[in-house]
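Summary of the model geometry
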Amino acid sequence: MRFSINIPNFGDFADARTVAMAAVAAEQAGWDALFIWDHVVHDKEERRGQPFGDPWMLLTAAALATSRIRLGALVTPVARRRPEQLARQVATLDSLSGGRVIFSAGLGGPVADEFGSFGEPTDPVVLAERLDEGLELLQRYWSGERVDHLGKHYEVRDVTLLPASTQQPRPPVWIGGFWPRRRPFRRAARWDGVVPLFTGASHGHVPPVDELRDVVSYVHEHRKEHQDRPFEVVVGGVSPGDPDKARDLIAPLADAGATWWDERQLMTTDALHRLAPIMRRINQGPPTL
């Protein structure tokens, strides 16, 4: 199992220098990755007045300050971005970091805030269509080969985006979704990893082991054509500082199929977006199994 630190792109972490400092500390403390949120006005009323940083600018600062840890946004709402622009941002970061990017995608939300506030479509069916079509375009753009495409939501005529992504055939693509909704997990089965969220365990809460086992079983059932490719299963929460207690918490998740533990703060506390508590957790180092 590998271990990552998860931080939002608002509050103290809207500042690229702060994110770079956290990334350096995470690398030195032995963490394997740093993931940042990709939001514009998340929980608009709750976060009103808080600064937000662009995740790709923040990750660029982290990449320039580090040499080993993996980096990415967890997760990016593809339907909120133009695929060609997103492809260039990810490929540029992948080149700058020496091939350390992990790309995670999902529908995005809160939909009313992040889409509706800007007059964008809020129908989840439309957003899912744009997500799937956008993911296929991203994959083709990252190849460095010519792209021609006429789809329901996007049109591309004779475009070759260079340079290709450093990682080939593409950066790893993980898909987020809320269990027990099935469609996001069928989508994840076509790619390289899954980031399950659970209706009964919000951000920062450890998921039930039996539900994780159901997720892993369902995804692998739909990966019959891709069993030869590595596949990551990412879960997270707040782990205890005591190593034995952390092991007791995380080991059953690993036995159920989790391959990454993503260290997160509870959404209900200011620790979510404050530097001091997150730096304390970073400097303690990752759990051990």
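For the structure, see preceding data.
Everything in this summary refers to the structure shown in the same document.

How each quantity is defined
Residues numbered from 1 in each chain as written. Predicted model: local features only at pLDDT ≥ 70, side-chain atom pairs only at ≥ 80, totals over all residues. Heavy atoms only, no water. Helix = DSSP H or I, 4+ residues; strand = E, 2+ residues; numbered from the N terminus. Contact = heavy atoms within 4.5 Å. Polar contact = N/O pair within 3.5 Å; in protein donor to acceptor, adjacent residues only side chain to side chain. Axes fitted to C-alpha atoms, helices over the stretch in contact; angles between N-to-C directions. Parallel < 35°, antiparallel > 145°, perpendicular 65-115°, else oblique. Nonpolar A, V, L, I, M, F, W, Y, C, P; charged D, E, K, R; others polar. Expected span 1.5 Å × (residues − 1). Buried < 20%, exposed > 50% of the residue type's maximum accessible area, 1.4 Å probe, protein only.

**Remarks on unusual backbone geometry**
- With omega at 0°, the peptide bond leading from L162 into P163 counts as cis.
- With respect to the element layout, P163 can be found in the loop between β7 (155-159) and β8 (173-179).
- With an omega of 10°, the peptide bond running from Q168 to P169 counts as cis.
- Examined against the element boundaries, P169 turns out to sit in the loop between β7 and β8.
- Although it is not a glycine, D158 sits at a positive phi angle of roughly 55°.
- With respect to the secondary-structure elements, D158 resides in strand β7.

**A word on the environment of Q139**
- Mapped onto the secondary structure, Q139 falls in helix α5 (residues 124-142).
- Between the alpha carbons of Q139 and Q168 there is a distance of 9.9 Å; along the sequence they are 29 residues apart.
- Sequence-distant contacts of Q139, defined by excluding residues within four places in its chain, comprise R170 and W191.
- Within the structure, the side chain of Q139 is placed 2.5 Å from the side chain of R170, a separation counted as a polar contact.

**Let's talk about the packing of helix α2 (residues 55-65) against helix α3 (residues 83-96)**
- Contact geometry of α2 with α3 gives a least axis separation of 9 Å together with a crossing angle of 10°. In terms of their interaxial angle, α2 and α3 are classed as roughly parallel. In this structure, α2 contributes W56, L59, T60, A63 and L64 to the contact, and α3 contributes L86, Q89, V90, L93 and L96.
- Of the residues in the contact of α2 with α3, the class split is 8 nonpolar, 2 polar and no charged.

**Considerations on helix α1 (residues 16-29)**
- Taking 1.5 Å of rise per residue, 14 residues should cover 20 Å, and α1 covers 20 Å from first to last C-alpha, within 8% of that figure.
- Within the sequence span of α1, burial applies to T18, V19, A20, A22, A23, A25, A26 and E27.
- Elements that come into contact with the buried residues of α1 comprise β1 (2-7), β2 (33-36), α2 and α9 (275-284).
- N-cap assignment for α1: the residue whose side-chain oxygen lies 2.7 Å from the backbone N of R17 is D15.
- Where α1 ends, the next residue or the one after it, G30, has phi of about 100°, a positive value.

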